[in-house]
Amino acid sequence: MENEKTATIGVIGGSGLYELFEPGTADEIDVPTPFGATSSPISIGTMSGRRVAFLTRHGRTHSVAPHRIEHRANLWALRSLGVRAVVSSSAVGGLHPDYAPGTFVVTDQLVDRTWGRADTYFEDEVQHLSFADPFDPVLRRAAIDAIAALDVPFRPTGTCVVIQGPRFSSRAESVWMREAGGHTINMTMSPEVPPGRRARHRHGQPVVRHRRGRGSRAGRRRDRR
């Protein structure tokens, strides 16, 4: 039986999602890790009868830049609380005109264009990781079913290109990434997912497109006005 300091489900809130529970309904704890502090304290509460642990990716005041997030600490802390499934949210930019602003996307693939970010717990030994399908199919199906029931615009698949940040992409970079097969763009999806796989988490990441990319066709029409 789960106690008040454990949870089996973890939620990582991206930009715009800084609170998950009603005030006074969750316990808040700091979890030490070998990789330093987590981005925020972890709140543990109950949702639909399940114990859920929640932390914010960028901190509650959005003070942690994309390239400074210690994803290993965040995921290590969740695992130490008993978390086995992680659902994380992201607000992303758009690369493809068919993925309009306000569309929810249940991402199934990513392209990692970041550099210099730690993405493994094994610094001193060779531990390969299968990554052909980065996201857990069970969580993806659950997300697709849940979003479909809301009657909101959504796409059940999508490829997200992850850039280094904190700068946005140039117009030429956006065109190049779209022509390479990208649908959305963000700065944090990797290396968040690889350490989660290492920690044996199931990982799902529904995202919402909230702005047009500078290189999208729709973005070019807007810029001319």
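One numbering rule holds for all chains: residues counted from 1, following each sequence as written. For a predicted model such as this one, the threshold for reporting local features is a pLDDT of at least 70, and the threshold for listing and counting side-chain atom pairs is 80 or more; totals across whole chains, interfaces and linings nevertheless cover every residue. With hydrogens and water stripped out, all remaining heavy atoms of the structure feed into the side-chain values.

1. Notes on the nonpolar core
Counting 15 residues, the largest nonpolar core has Ile42, Ile44, Ala53, Leu78 and Leu81 as the members making the most contacts within it. Counting residues per element, the ones that place at least two in this core are strand 3 (42-47), strand 4 (50-56) and helix 1 (71-80). Counting residues per element, this core draws most heavily on helix 1, which supplies three residues. Among buried residues, those of type Ala, Val, Leu, Ile, Met, Phe, Trp, Tyr and Cys that are joined through side-chain atoms within 4.5 Å constitute a nonpolar core. Relative accessible area decides the class of each residue, using a 1.4 Å probe on protein chains only: under 20% of the type maximum gives buried, over 50% gives exposed, and in between gives partly exposed. Helical segments are the DSSP runs of H or I of at least four residues, strand segments are the runs of E of at least two, and each set is numbered from the N terminus.

2. Regarding the side chain of Ser39
Within the secondary structure, Ser39 is located in the loop between strand 2 (27-29) and strand 3. A distance of 2.9 Å separates a polar atom in the side chain of Ser39 from the backbone oxygen of Arg57. For this analysis, a polar contact is any N or O atom pair within 3.5 Å, provided that within protein one partner can donate a hydrogen and the other can accept it, and provided that sequence-adjacent residues contribute only side-chain to side-chain pairs.

3. A closer look at the pairing of strand 6 (residues 90-94)
Of all the five residues making up strand 6, four are buried; the element is thus mostly covered by neighbouring parts of the structure. Strand pairing is assigned whenever DSSP identifies at least 2 bridges connecting the two strands. Taken together, the two bridges between strand 6 and strand 11 (residues 184-186) define a ladder with antiparallel strand orientation. Among the inter-strand pairings, Gly94 is bridged to a residue of strand 11, identified as Thr184.

4. Remarks on unusual backbone geometry
In this structure, the amide linkage connecting Gly165 to the following residue, Pro166, adopts the cis form with an omega of 0 degrees. Secondary-structure assignment places Pro166 in the loop between strand 10 (159-163) and helix 3 (171-179). With phi around 50 degrees, Ser48 is a residue other than glycine that occupies positive phi space. Its place among the elements puts Ser48 in the loop between strand 3 and strand 4.

5. As for helix 3
Every buried residue belonging to helix 3 is among Ser174, Met177 and Arg178, and all of these are buried. All buried residues of helix 3 fall inside an arc of 100 degrees around its axis, so they share one side. In this structure, helix 3 carries Ala172 and Glu179 as exposed residues pointing more than 90 degrees from its buried face. Remark: Gly181 follows helix 3 within two positions and exhibits a positive phi of approximately 115 degrees. Think of it as the arc spanned by the lines of direction from the helix axis to the C-beta atoms.

6. Section: the confidence of the model for the chain
One rule of thumb: low pLDDT means the predicted coordinates there are not for detailed reading. Within a predicted model, pLDDT stands for the predictor's per-residue confidence, ranging from 0 to 100. Across the chain, the average pLDDT comes to 87, with 87% of residues at or above 70. A contact between two residues is defined here by any heavy atoms of the two lying within 4.5 Å. Below pLDDT 50 for its whole length, residues 218-225 participates in 12 contacts with residues either more than four positions away or in separate chains.

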